[in-house]
Amino acid sequence: MEFRALGEADFPLMKEFFRSVFTREPWCDDWSNDAQLSAYIRDIAGCFNSISFGFFDGGKMAALCIGKKHHWWGGTEYFIEELCVRFDLQGKGIGTQFMAEIEREILKHGMDQIYLQTERGKPAVGFYKKLGFNEIEDTVCFHKQVEKK
């Protein structure tokens, strides 16, 4: 496996890999609007302090992580926006190996914490708990659909 940082030249690969994972179970997201997906990847991977990583098996992407360096009162953290493993490789330890590489790399850049969000009830919750992540029980995430009147 090859671990490497990703940049703007990798956006098309990141976009297609992301689509290939998140349009399947258990997520089933509708990323059929190519312009919307391109804008989303650019939003999270092309902003100030964005740091993205790829894990490659024989030159083919096996895992993707898009995040950013985030300065907070408690220290500098790596905020993971998206992390995914290729569908056919899930459950085979690739994600665990990838996260170990990410942890080593962020330490080199002065970050000693990782923060992320995922959907309750999805397999990702168990994956992150297995890796030693703790659920922040006093944090609430809100969403509101604003409708035209």
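Look up a bit, the structure's there.
Quick notes on the rules
Residues numbered from 1 in each chain as written. Predicted model: local features only at pLDDT ≥ 70, side-chain atom pairs only at ≥ 80, totals over all residues. Heavy atoms only, no water. Pairing = 2+ DSSP bridges. Helix = DSSP H or I, 4+ residues; strand = E, 2+ residues; numbered from the N terminus. Axes fitted to C-alpha atoms, helices over the stretch in contact; angles between N-to-C directions. Core = buried A, V, L, I, M, F, W, Y, C linked by side-chain atoms within 4.5 Å. Buried < 20%, exposed > 50% of the residue type's maximum accessible area, 1.4 Å probe, protein only. Contact = heavy atoms within 4.5 Å.

(A) A look at the sheet that holds strand E2 (residues 50–57). Read from one edge of the open sheet, 5 strands run E1-E2-E3-E4-E5, paired in mixed fashion. A strand with exactly one partner marks an edge of an open sheet, and here the two such strands are strand E1 (2–6) and strand E5 (113–116). The sheet shows a mean angle of 30° between the axes of neighbouring strands, direction not considered. Alignment of E1 against E2, held across 5 bridges, turns out to be antiparallel. Paired with Leu6 across the two strands is Ser52, which belongs to E2.

(B) Up close: the nonpolar core. Ranked by size, the top nonpolar core spans 39 residues in total, and within it Leu64, Tyr78 and Ile102 carry the most contacts. Elements with a contribution of two residues or more to this core: helix H1 (11–22), helix H2 (34–45), E2, strand E3 (60–72), strand E4 (75–85), helix H3 (94–108) and helix H4 (123–130). Residues contacting Ile102, with those up to four places away along its chain left out, are Phe3, Phe53, Cys65, Tyr78 and Leu83.

(C) Region of the structure containing unusual backbone geometry. The omega angle of the peptide bond from Glu25 to Pro26 is 0°, so this bond is cis rather than trans. Tracing the sequence through the fold places Pro26 in the loop between H1 and H2. Phi is positive for Cys28, close to 55°, though the residue is something other than glycine. Here Cys28 lies in the loop between H1 and H2. In this model, Asn49 sits at a positive phi of 75°, which is unusual for a non-glycine residue. Turning to its location among the elements, Asn49 is positioned in the loop between H2 and E2.

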